[in-house]
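# Structure assessment
Residue-level listing of the chains:
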Amino acid sequence: MTKSLSDLCDIHIESLIPWYVTNQLCEDELVKVQHHIDDCADCAKIVEEERKIAIFIQEREANKIPSDWKIFQQQLLNFDLEHPNPMTVQSDSEIKKSPHNIIRFPILRKTKIFISKPKTLGFIITAQAAALFAIILTPDTNVFNNIANEDDQIYNTLSSDQTEPNQNINIVMQFDPSLTIEELNTLLNNNKIKIISGPTSTNAYRVKVPNDITLETLRSHENILIAEPISAE
Amino acid sequence: MSDRAVSPNSAYAEQSEAAFIKRLVDRDMQAFECLYEDYRKKLSYFIANMVNKPQLVEEVFNDTMMVVWQKIGDFAGASKLSTWIFAIAYRKAIRARSKIDEPISNDTYIHSIEDNDTEDTLEKSRLRQILNKAMETLSYEHRAVINLTYYEGLHYRDIAAIMECPIDTVKTRMFHARRQLKKSLGGNIADWL
Ligand SMILES: [Zn+2]
């Protein structure tokens, strides 16, 4: 019969056996355990038992997690749209307290472009978005044609998407970053894509497309990397 | 020995962990996709041992990765990235468990890898079944500590960080988990030796 551990063996040594078996102990502990099992047949037997159990545990496996990166990526993009500066994320309760979850552009705060006397919050966003594009794209392009007009600025408040069935579809889109401005413009015009806001830190744009264009059509376009409908939360 | 949690074969192993974390902080979507696919494998067993409904496993995994995306800027590198991610998954799994009414059973989700090329397959298969049943009798904390030690091959220090408990608690849990496992296995453990 085996002796009770507490009678003869240092409980501290015995409790290290699992990590002795998995070769995780530091030199100091390793020597102590090794020294003990050289003299203690009970603990040597425990080591063998634990080795066996470890192998059986390692032979277990789980089904692969049924998860879809494309769908998940959309959630990441949505998060960044709602929290343009993730390092200073508001708590959920703070977000709920504010009447509108306005998209803010952290890049803009660093720029020295000022907009004179905006009348409405919606206008601030329009002007800021325009300023943003002016910084990123060269000023003599007609990319501004693709920015939705001020009437569409309802889309800038994430909490108030009141899209009616016949209105255009709100989408998050990423384009091939190697596109020239002309190519981007052509792409936007040909597909009647209107940029609402962006880019975010992940280079995503919030856009509108006519509802007779399907997501599949957009996704099949080689220069559109991502086209995901914005989920109504 | 198992090195799943700190696999040197990870898609991003060529670069230093610090450089990889910097890419995540900089919102490099390709880097995050790498991480996502990598941890989809790494976390599958650990999460499935905590919550056994496929949709819950997926939910816990996605919640975990969302927190990684949200908080990577706060990750100070006090631990390994893998330890930090496992700790998030552990918390998310505990929270998910608290929402389930029925007891959790692992029969459908966890299984053993069978090898068919040895003569003792039947006997081994019987022993595996007994062990899998014995694992189910453990509390989720005891099961977690067994899995983190033997399946993930982690040091007790990392396990303490993941389970947010003192090192001595990890050792005590492991001690009791092993004792209970052997009790459930009964005389069968002698057959293995
Ligand atoms: Zn001993």
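Model, not experiment: these values are computed from the prediction.

### Section: the overall build of chain B
A count of helical and extended segments in chain B gives 10 helices and 1 strand. In chain B, the succession of helices and strands from N to C terminus is α-α-α-α-α-β-α-α-α-α-α. Sorting the 193 residues of chain B into buried and exposed places 53% on the buried side. For chain B, restricting intrachain contacts to residue pairs at least 6 apart in sequence, the fraction spanning at least 24 positions comes to 70%.

### A closer look at the nonpolar core
Across soluble globular proteins, nonpolar side chains show a tendency to be buried alongside one another. Ile57(A), Phe32(B), Leu35(B), Ile47(B), Leu81(B), Ile146(B) and Met163(B) are the most contacted members of the largest nonpolar core, which totals 93 residues. Membership of the second largest hydrophobic core comes to 16 residues, among which are Leu188(A), Ile193(A), Val209(A) and Ile224(A).

### What about the interface of chain B and chain A?
Contacts between chain B and chain A engage 60 residues on the former and 46 residues on the latter. Summing the contributions of chain B and of chain A, the shared interface buries around 5,200 Å²; its carbon and sulfur component is 64%. Area buried by chain B at its contact with chain A is led by Met29(B), Arg40(B) and Tyr150(B), which between them contribute 14% of it. On inspection of chain B and its partner chain A, the count reaches 6 salt bridges. For Lys182(B), the salt bridge goes to Glu50(A), with nearest N and O atoms at 2.9 Å. Taken together, the connections running from chain B to chain A amount to 23 residue pairs in polar contact (both at pLDDT 80 or more). In terms of residue count, the dominant contributor to the side of chain B that touches chain A is helix 4 (residues 54–71) of chain B (9 residues). Residue classes in the side of chain B that touches chain A are distributed as 35 nonpolar, 14 polar and 11 charged. Relative to strand 1 (residues 110–112) of chain B, strand 1 (residues 60–62) of chain A runs antiparallel, the two sharing 3 bridges. Pairing of Ala62(A) across the sheet is with Ile110(B), part of strand 1 of chain B.

### Regarding the sheet that holds strand 3 (residues 194–197) of chain A
All names here are of chain A. Spatial strand order, 3-4-2-5: 4 strands in an open sheet with antiparallel pairing. Edge strands, defined here as strands with exactly one partner in the open sheet, are strand 3 and strand 5 (224–229). Looking at each pair of strands side by side, their axes are set apart by 40° on average, direction ignored. As judged from the 5 bridges shared by strand 2 (residues 169–175) and strand 4 (residues 205–209), these two strands associate in the antiparallel manner. Bridge pairing links Val 172 to Arg 206 in strand 4.

### Observations concerning the confidence of the model for chain B
For chain B, the average pLDDT comes to 85, and 82% of its residues sit at 70 or higher. A low-confidence stretch, residues 1–9 of chain B (pLDDT under 50), is modelled with 24 contacts involving residues beyond four sequence positions or located in other chains.

### Some points on the confidence of the model for chain A
All names here are of chain A. In this model, chain A carries a mean pLDDT of 67, and residues with pLDDT of at least 70 account for 58%. At the low end of the mean pLDDT range in chain A sits helix 8 (residues 106–110), at 31; at the high end sits helix 3 (residues 17–21), at 98. Here residues 1–7 is a poorly scored stretch, pLDDT under 50, and it has 7 contacts once near neighbours within four places are set aside; other chains count. Across residues 86–167 the pLDDT falls below 50, and counting only partners more than four positions away or on other chains, this stretch makes 115 contacts in the model.

### Section: unusual backbone geometry
Residues and elements named next belong to chain B. Even without glycine at this site, Arg 27 takes up a positive phi of about 65°. Inspection of the secondary structure puts Arg 27 in the loop between helix 1 (17–25) and helix 2 (29–42). In the Ramachandran plot, Glu 164 falls in the positive-phi region, its phi being about 50° despite a non-glycine side chain. Structurally, the position occupied by Glu 164 is in the loop between helix 8 (156–163) and helix 9 (167–185).

### Quick word on the packing of aromatic side chains
Evaluation of the coordinates by the stated rule reveals 11 aromatic pairs over all chains. Seen from their ring centres, Phe46(B) and Phe86(B) are 5.2 Å apart, and the 50° between their planes marks the pair as tilted. Linking Phe46(B) in helix 3 (residues 44–50) with Phe86(B) in helix 5 (residues 81–98), this pair joins segments that are 40 residues apart in sequence. Judged by relative accessible area, Phe46(B) falls into the buried class, the value being 1%. Looking at Phe86(B), the relative accessible area reads 1%, which means it is buried. An aromatic cluster is built from Trp69(A), Phe72(A), Phe32(B), Tyr36(B), Phe61(B) and Trp69(B), whose rings are joined through pairwise contacts.

Calculation rules
Residues numbered from 1 in each chain as written. Chains lettered and ligands numbered in written order. Predicted model: local features only at pLDDT ≥ 70, side-chain atom pairs only at ≥ 80, totals over all residues. Heavy atoms only, no water. Helix = DSSP H or I, 4+ residues; strand = E, 2+ residues; numbered from the N terminus. Buried < 20%, exposed > 50% of the residue type's maximum accessible area, 1.4 Å probe, protein only. Contact = heavy atoms within 4.5 Å. Core = buried A, V, L, I, M, F, W, Y, C linked by side-chain atoms within 4.5 Å. Buried area = accessible area lost by both parts, 1.4 Å probe. Salt bridge = Lys/Arg side-chain N within 4 Å of Asp/Glu carboxyl O. Polar contact = N/O pair within 3.5 Å; in protein donor to acceptor, adjacent residues only side chain to side chain. Nonpolar A, V, L, I, M, F, W, Y, C, P; charged D, E, K, R; others polar. Pairing = 2+ DSSP bridges. Axes fitted to C-alpha atoms, helices over the stretch in contact; angles between N-to-C directions. pLDDT = per-residue confidence, 0-100. Phe/Tyr/Trp six-rings, centres within 6.5 Å; stacked < 30°, edge-to-face > 60°.

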